[in-house]
Amino acid sequence: MSSPGTTSASPQATGEWRPDELGSDYQQRTLPLGPDPDGEGDVVATLIRYTPASQPAATSAVLYVHGFTDYFFQEHLSQHMAAQGFAFYALDLRKCGRSTRAGQTPHYVSDLALYDQELNRSLRIIREETGLPVLIMGHSTGGLVTPLWLNRVHAAGGARAQGISGLVLNSPWFDLQGPAYYRHPVSNALLQGIGRLSAMTALPLGKISTYGDSLHHTASGEWDYNLDWKPLSGFAVHAGWLRAIRRGHARVHRGLDIGVPALVLRSKVTRFMSKYGPAADVADVVLDVKQIQRWSGCLGDRTNIVPIEGARHDVFLSAEQPRTQAFAELDSWLKWLAANPDSH
């Protein structure tokens, strides 16, 4: 995979499709979002589409949303989905990846609902361009953001009425991993206070590159991507951002109604490791898969949960065998979804 360089959209390119760093089969479009509610200037999001010359006629569309310390670079995912008959789109959220602008704090938002702006606009563009039902895919933090958004979409008039067909979550972040005292009401109240009063405080979590080392080809992995946009040790976690995440977790735990069926893919085991070792290649070293299993039942519609033996945190960035299994499980579920478009 090619490693794109840092870009900044020119005014002339804003709102227009133009070549993307991934190559001739990809295009990107800047979505201006106006002044940042968190006070870091004007913000943008970036919609990416895969348009190979030989792509067969699509019967559905898909919108992919990345996680924290992440952006869209998974060319093999777009190629696989296109082969299954999907027009593929991905979204780099505000202050993430292609949407990064000078002077802004990477990935920082004070409220996950702020992402509704770019999600709604992306959905509208995809529907206008394709006229097809849209499958939503979310990974990790994107797997928290997207069901919260769908819950609001469904409450406002129905997810299906907006053209959404289903949801695929890849290791969604549904709870705070780590020791139980991290999730104690006192700890949560303390975080809420710090996040409100000192939002930009960087939390002293330390820098661990275990996951990045397992992925990137310069370390021990097979994948190539932009280390400015996805550094091996991740970006700093700020109190206001984690406050927003914990509020999102609490909303999931109270139960959602996303209005469409969901597939949840996860690794079979978690191994938290401070340094890279071979075990990091066959487990989720980022999230607790038991928490994923526990809270996936809160999505409010028919939900299939599938553990993948030997998968990494991003199951589609796993080694070949578990990656192949993950795609097989996805394809099987997509066939079911196509055969049961009105299932609940």
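Residues numbered from 1 in each chain as written. Predicted model: local features only at pLDDT ≥ 70, side-chain atom pairs only at ≥ 80, totals over all residues. Heavy atoms only, no water.

Can you help me understand the overall build of the chain in this one?
Helix and strand counts for the chain stand at eight helices and nine strands. Whereas a compact globule of 344 residues would reach a radius of gyration of roughly 20 Å, the chain reaches 19 Å, a difference of no more than 12%. C-alpha atoms of the chain, sized along the principal axes, occupy 55 × 45 × 45 Å. Within the chain, buried positions represent 55% of all 344 residues. Residue pairs at least 24 apart in sequence account for 75% of intrachain contacts in the chain once pairs closer than 6 positions are excluded. Per element, the accessible surface of the chain, about 13,800 Å² overall, is 53% carbon and sulfur. Distance between charge centroids for the chain: 7 Å, based on 31 positive and 32 negative side chains. (Helix = DSSP H or I, 4+ residues; strand = E, 2+ residues; numbered from the N terminus. Rg over C-alpha atoms; globule rule 2.2 N^0.38 Å. Buried < 20%, exposed > 50% of the residue type's maximum accessible area, 1.4 Å probe, protein only. Contact = heavy atoms within 4.5 Å. Areas by Shrake-Rupley, 256 points an atom, 1.4 Å probe, with all protein chains shown as cover. Lys, Arg positive; Asp, Glu negative; His and termini not counted. Charge placed at Lys NZ, Arg CZ, Asp CG, Glu CD.)

Is there a simple way to think about the pairing of strand β7 (residues 164–170) in this case?
Working note: regular strand, side chains alternate between the two faces of the sheet. Here β7 lies mainly inside the structure; seven of its seven residues are buried. Both strand β6 (residues 134–139) and β7 contribute to a ladder of six bridges, which runs parallel. Within the sheet, the bridge partner assigned to H139 lies in β7 and is N170. Taken together, β6, helix α3 (residues 142–155) and β7 constitute a β-α-β crossover, and its handedness is right-handed. By the bridge criterion, four bridges tie β7 to strand β8 (residues 262–267) in an arrangement that is parallel. Paired with L167 across the bridge in β8 is A262. (Pairing = 2+ DSSP bridges. Right-handed = clockwise from strand over helix to strand, strands pointing away.)

How should the environment of T141 be read in this particular structure?
Here T141 is to be found in the loop between β6 and α3. Exposure remark for T141: the relative accessible area of 9% places this residue in the buried category. Sequence-wise, T141 and F272 are 131 residues apart; in three dimensions their C-alpha atoms are separated by 18 Å. Contacts of T141, omitting those with residues within four sequence positions, involve H66, G67, F68, W173, W241 and I245.

Help me understand the packing of helix α1 (residues 75–83) against helix α8 (residues 320–339) in this model?
When two helices pack together, their arrangement is given by the angle between their axes and by how far apart the axes lie. In the contact formed by α1 and α8, the axes pass within 12 Å of each other and the chain directions differ by 35°. Note on packing geometry: the crossing formed by α1 with α8 is right-handed. The segment α1 lies against α8, with H76, L77, H80 and M81 engaging R323, F327, L330, D331 and L334. Of the residues belonging to the contact of α1 with α8, the class tally is five nonpolar, two polar and two charged. (Axes fitted to C-alpha atoms, helices over the stretch in contact; angles between N-to-C directions. Left-handed = near helix turned anticlockwise from the far one by under 90°. Nonpolar A, V, L, I, M, F, W, Y, C, P; charged D, E, K, R; others polar.)

In this structure, what is going on with the packing of helix α2 (residues 116–130) against α3? I would like to understand it.
Viewed as axis vectors pointing N to C, α2 and α3 meet at an angle of 70°, and their least axial separation amounts to 11 Å. Comparing the axis directions of α2 and α3 gives the class roughly perpendicular. Contact residues: α2 offers D116, L119, N120 and L123, while α3 offers V145, W149, R152 and V153. Looking at the contact of α2 with α3 residue by residue, the class counts come to five nonpolar, one polar and two charged. (Parallel < 35°, antiparallel > 145°, perpendicular 65-115°, else oblique.)

Help me understand the environment of A53 in this model?
Following the sequence through the fold, A53 ends up in the loop between β3 (42–50) and β4 (60–65). Sequence separation between A53 and Y211 is 158 residues; the distance between their C-alpha atoms is 35 Å.

What am I meant to see in the side chain of T146 here?
Here T146 is to be found in helix α3. Each residue touching T146, except ones within four places of it in the same chain, is listed here: V65, I136, G138, L167 and L169.

In this structure, what is going on with α8? I would like to understand it.
Since the α-helix packs 3.6 residues into each turn, any two residues three or four apart lie on the same face. Look at α8: 29 Å from first C-alpha to last across 20 residues, which is about the 28 Å you get at 1.5 Å a residue. Of the positions making up α8, those classed as buried are P322, R323, A326, F327, L330, D331, W333, L334 and L337. Tucked inside the fold, the buried residues of α8 contact α1, β5 (86–92), β6, β7, β8 and β9 (303–308). (Expected span 1.5 Å × (residues − 1).)

Where do I start with unusual backbone geometry in this structure?
Only a minority of non-glycine residues have a phi that is not negative, and only a minority of peptide bonds are not trans. Positioned with a positive phi, T69 is a non-glycine residue whose angle comes to about 50°. Checked against the element boundaries, T69 lands in the loop between β4 and α1. Positive phi outside glycine occurs at K95, with the angle close to 65°. Looking at the secondary structure, you find K95 in the loop between β5 and α2.

I would appreciate a short explanation of the packing of aromatic side chains in the present structure.
Centre-to-centre distance and the angle between the planes together describe a pair of aromatic rings. Going through the model one piece at a time under the given rule, you end up with 12 aromatic pairs. With a centroid separation of 6.4 Å and 45° between ring planes, the pair formed by Y26 and F72 is classed as tilted. Taken together, the positions of Y26 in strand β2 (residues 23–35) and F72 in the loop between β4 and α1 put the pair 46 residues apart, joining distant regions of the chain. For the pair shown, Y26 and F72 are each scored as buried. Members of the aromatic cluster, joined through ring pairs, are Y26, Y50, Y64, F72 and F88. The lysine or arginine in question, R49, covers the ring of W17, its NZ or CZ lying 4.1 Å from the ring centre. Between the NZ or CZ atom of K230 and the centre of the ring of Y225, over which it lies, the distance is 5.6 Å. (Phe/Tyr/Trp six-rings, centres within 6.5 Å; stacked < 30°, edge-to-face > 60°. Lys NZ or Arg CZ within 6 Å of the ring centre and 35° of its normal.)

Got a minute to help me understand the sheet that holds β7 in this structure?
Ordered by their spatial adjacency, nine strands build an open sheet running β1-β2-β3-β5-β4-β6-β7-β8-β9, and the pairing between neighbours is mixed. Unpaired on one side and paired on the other, β1 (18–20) and β9 mark the two borders of the sheet. Going across the sheet, the axis of each strand differs from the next one's by a mean of 25°, ignoring polarity. Alignment of β4 against β6, held across five bridges, turns out to be parallel. Within the sheet, the bridge partner assigned to V65 lies in β6 and is G138. Relative to the sheet, α2 contacts β2, β3, β4, β5, β6 and β7, its axis offset from that of β2 by approximately 135°. Of the strands in this sheet, β5, β6, β7, β8 and β9 touch α8, which is tilted by about 165° from β9.

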